[in-house]
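Coordinate inspection notes
The chain contents come next:
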Amino acid sequence: MNRAQRLAQDAAEAAEVRAYQTDPDVVALRIERVRRQVDWMCWSGIVLGLAFTMTNVQGFASAGTRPGSLPWLAAWVLDPTVSLVLLAILRAEQVTARYQVRTGVWVRRAKWFTLAATYVMNTWTSFAAGEAAAIVLHSVPPLVVFVAVEAITDLRDKLTDAVLVAAERRPAQQETGGRRVLFADYLAIARESWTPDVEITPAWVRRATGCSRGLSPRLARALRSEVGNG
């Protein structure tokens, strides 16, 4: 092989590799791996931060009680009560953010209230004593949890956007049965399969049309726009 032929072969191999690297399904798989890493690290930080606040809240709630008494033991329940509600909200948002479904105003209010309650109970004693160092020490964990809670929801939303952008940069067509199925064909199939009692989600679109995971969010958005669903 001469130099030109070798370059042509290298170019063909590079084009094939790039085609796979930019395939929406491959991109989605890579982003899912990143999403799992982000979730694991953020959840670890949130749980550790809430664990740190537990003893502070217990001390706040049990002030003036005898160690080992029933009120002293009951004070240990206060922080887990607030934290479990917060974690339940975050877990639900983890799913809704994945499909870019917005939650209601009361969900956000509940999240902010639980975070504010945790902060106040952690720092009340320090503010009352006027100890600046203690205020900083007891403020950092709740504030880290607060910003992490807000950031993790936005990060999940943007990671989903990254998958959608990757899908939109590829032609909306696939090989099926020896012929190319266009975006409009999939949309027509989805339109015929949809009934008013069905919530249009990417997962439902994939079941109804057999399209790829990368294409299904676009089809779901297009069909929702047509029928006014969701």
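The structure we're discussing is the one just above.
Heads up: these notes are all about the structure in this document. (Residues numbered from 1 in each chain as written. Predicted model: local features only at pLDDT ≥ 70, side-chain atom pairs only at ≥ 80, totals over all residues. Heavy atoms only, no water.)

1. Description of the overall build of the protein chain
This is how it is decided: Secondary structure elements are defined from DSSP: runs of H or I of at least 4 residues count as helices, runs of E of at least 2 residues count as strands, and each element is numbered from the N terminus. The cut-offs for exposure are 20% and 50% of the maximum accessible area for each residue type, with area from a 1.4 Å probe on protein chains only; residues under the lower value are buried, those over the upper are exposed, and the others partly exposed. Only heavy atoms enter the contact rule, under which two residues are in contact if any of them lie within 4.5 Å. The Shrake-Rupley method, run with a 1.4 Å probe, gives the accessible areas here. Residue values count only the displayed protein chains as cover.
Across its full length, the protein chain holds 8 helices and 2 strands. Across the 230 residues of the protein chain, 35% fall into the buried class. Of the contacts made within the protein chain by residues no fewer than 6 positions apart, 63% connect residues no fewer than 24 positions apart. Accessible surface computed for the protein chain: about 13,900 Å², of which carbon and sulfur atoms make up 64%.

2. Quick notes on the packing of helix α7 (residues 202–209) against helix α8 (residues 216–227)
Let me state the cut-off plainly: Angles shown run from 0 to 180 degrees and are taken between the N-to-C directions of axes, each axis being a line fitted to C-alpha atoms and, for helices, limited to the stretch in contact. Should an angle fall under 35 degrees it is taken as roughly parallel, and over 145 as roughly antiparallel, whereas 65 to 115 is taken as roughly perpendicular and any remaining angle as oblique. Residues are sorted three ways: Asp, Glu, Lys and Arg are charged, Ala, Val, Leu, Ile, Met, Phe, Trp, Tyr, Cys and Pro are nonpolar, and all the rest, Gly among them, are polar.
Contact geometry for α7 and α8: axes closest at 8 Å, N-to-C directions at 100 degrees. As the angle between them shows, α7 and α8 are arranged roughly perpendicular. From α7, Pro202, Trp204, Val205, Arg206 and Thr209 reach across to α8, where they touch Ser216, Pro217, Leu219, Ala220 and Leu223. Looking at the contact of α7 with α8, its residues break down into 7 nonpolar, 2 polar and 1 charged.

3. As for a nonpolar patch on the surface
The condition is simple: The patches described consist of residues with a relative accessible area above 30% and no salt bridge, like charges being joined within 9 Å and nonpolar side chains (Val, Leu, Ile, Met, Phe, Trp, Tyr) within 5 Å. For salt bridges, the criterion is a side-chain nitrogen of Lys or Arg within 4 Å of an Asp or Glu carboxyl oxygen.
On the surface, a cluster of nonpolar side chains totalling about 330 Å² of accessible area is made up of Val136, Val140, Val144 and Val147. Position of Val140 relative to the elements: it lies in helix α5 (residues 132–168). Assessed through its relative accessible area of 44%, Val140 is described here as partly exposed.

4. Observations regarding the pattern of salt bridges
Under the counting rule described, the total for this entry stands at 3 salt bridges. Ionic pairing is found between Arg35 and Glu32, a salt bridge with its closest N-O pair at 3.2 Å. Here Arg35 and its partner Glu32 are both found in helix α2 (residues 24–61), 3 residues apart, which amounts to about one turn of the helix. Summarising the burial analysis for this pair, Arg35 and Glu32 share the class buried. The salt bridge involving Lys111 is made with Glu93; its shortest N-O contact spans 3.2 Å. Of the two residues, Lys111 is situated in helix α4 (residues 105–129) and Glu93 in helix α3 (residues 70–98); the sequence distance between them amounts to 18 residues. With relative accessibility at 5%, the residue Glu93 sits in the buried group.

These values are about where atoms sit, not about what they do.
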